[in-house]
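In case you want the letters, here they are:
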Amino acid sequence: MSARQAAAALAAAMGIGRFVYTPILPLMTAQAGLSATSAASLATANYLGYFVGALATIVRAPSRTTNRVALVLLVATLAGMPLVHGMAAWFVLRLVAGVASAVVFVAAVNARPGWGMSGIGMGIALSGLLGWSGWETAWWLAAGMAAVLTAVAWGLKPDAPKLSDLPETMGVGARRPLGAGESGSIQGPHKPRVSRSTRRAFATLFAAYTLEGVGYIIAGTFLVAAISGPLGSTSWILVGVSAALSPVLMARLGNGRPVLVAALAVQAVGIALPALVSTTAAALIAVVLFGGTFIGIAATALKLGAGLGFPRAAATLTAGYSAGQIIGPLIATPLLHNGYHQALLLAAAIVALAAITAPAPLSRHRDATRTPPRRIPAAPAE
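Reading the values: the criteria
- Residues numbered from 1 in each chain as written.
- Predicted model: local features only at pLDDT ≥ 70, side-chain atom pairs only at ≥ 80, totals over all residues.
- Heavy atoms only, no water.
- Helix = DSSP H or I, 4+ residues; strand = E, 2+ residues; numbered from the N terminus.
- Buried < 20%, exposed > 50% of the residue type's maximum accessible area, 1.4 Å probe, protein only.
- Contact = heavy atoms within 4.5 Å.
- Areas by Shrake-Rupley, 256 points an atom, 1.4 Å probe, with all protein chains shown as cover.
- Phe/Tyr/Trp six-rings, centres within 6.5 Å; stacked < 30°, edge-to-face > 60°.
- Core = buried A, V, L, I, M, F, W, Y, C linked by side-chain atoms within 4.5 Å.

Caption draft 1: Here's a closer look at the overall build of the protein. When helices and strands are tallied, the protein shows 13 helices and two strands. Expressed as a percentage of the 382 residues in the protein, the buried residues total 54%. Across the protein, every contact between residues at least 6 apart in sequence was considered, and the portion connecting residues at least 24 apart equals 85%. Put simply, the protein shows about 15,700 Å² of open surface, and 67% of that area lies on carbon and sulfur atoms.

Caption draft 2: Spotlight on the packing of aromatic side chains. A complete count under the given rule lists 10 aromatic pairs for this structure. Taking the centre distance of 6.4 Å and the plane angle of 70 degrees together, the rings of Phe-19 and Tyr-216 count as edge-to-face. Note that Phe-19 is positioned in the loop between helix H1 (2–16) and helix H2 (21–31) and Tyr-216 in helix H8 (residues 196–226), a separation of 197 residues in sequence. You'll find Phe-19 and Tyr-216 in the same group, each marked buried. Note on Tyr-209 and Tyr-321: the rings are 4.2 Å apart at their centroids and 5 degrees apart in plane angle, and the pair reads as stacked. Here Tyr-209, found in helix H8, pairs with Tyr-321, found in helix H12 (residues 313–332); they are 112 residues apart in sequence, far enough to count as distant.

Caption draft 3: Seen up close, the nonpolar core. One finds Tyr-21, Phe-105, Ile-120, Trp-139, Phe-290 and Phe-294 to be the most contacted residues of the largest nonpolar core, which totals 108 residues. Top contributing element to this core by residue count: H8, with 13 residues. Setting aside residues up to four positions removed in sequence, Phe-105 forms contacts with Leu-10, Met-14, Tyr-50, Met-117, Ile-120, Leu-302 and Thr-318.

Read these as geometric descriptors, not functional statements.
This is the structure in structure tokens:
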């Protein structure tokens, strides 16, 4: 039940709430007179909101009520887009949508979604169906889809992970509810100590995941607009279908850093292809490679962070990821005057850099978190 509800929540909040802007962007450019600079600004507004929401979940984990409020806000912001005309109003709506998306995402992750992570891809595929309508109709349909998914996800209970879910190196202590994204925390006299090797390993993971946020979001925002020809209108559906299969495929391959590095490298190739080869076959390969990696990369990075036993690992990684998504459209905007190809090449280079950054020595990570040894009082002198 929780996996189905989590899938619906992620489809509404991420697949539609966040990513529906990608297939609607060409419609707004052609029908609403949206410029490339304005398009990037609206993308940045959503990513800024997501960053704010991610930071908020570090302070306090989302409850069932908070999750429901966020879902309702998300539907309202989608429905509000065709009701107003003007950058200021659109900016605010996409900002609020970003905050709501982050809250729902963390709530769903805390509910241990399992296969429900594929809901993001399902939502993306649904949003891709909107590319054949007018821009205002597309936003209305998106709101309707999100409302239906919200009804399915309404009973989602974002339980915090149990102590039994923690790595064995965490030690034993009193159970307590965990904060947003925490992979584990122990109360009592013997709190875990994060070692230097763990901090170093987490820092490389954080850097790689933040770079991935910068690169992937440039492609995620402008990929559909960059692909011309008959595949352009259906490319986002293919991204969604590939994304829905991504977590399952990568789970079968494993969840170690080698898999993460390989997925980042494959994604970099997929992002660069449409800029280098202007054929339908290249575009088809590009969307499958992009869609088939980005959710799997996220799931693998979050699991690696949790496995290190770093406090609030998932929330911290998500904050870095979302900060990268704010940076992405900003640095891509100066390259959009002559089309999207230069922006895609920049995104591919950044993701390739993430693949280079991601590796770290794993042999020293077994001491990720250690419990201070108990001192046994010396026997009294006789």
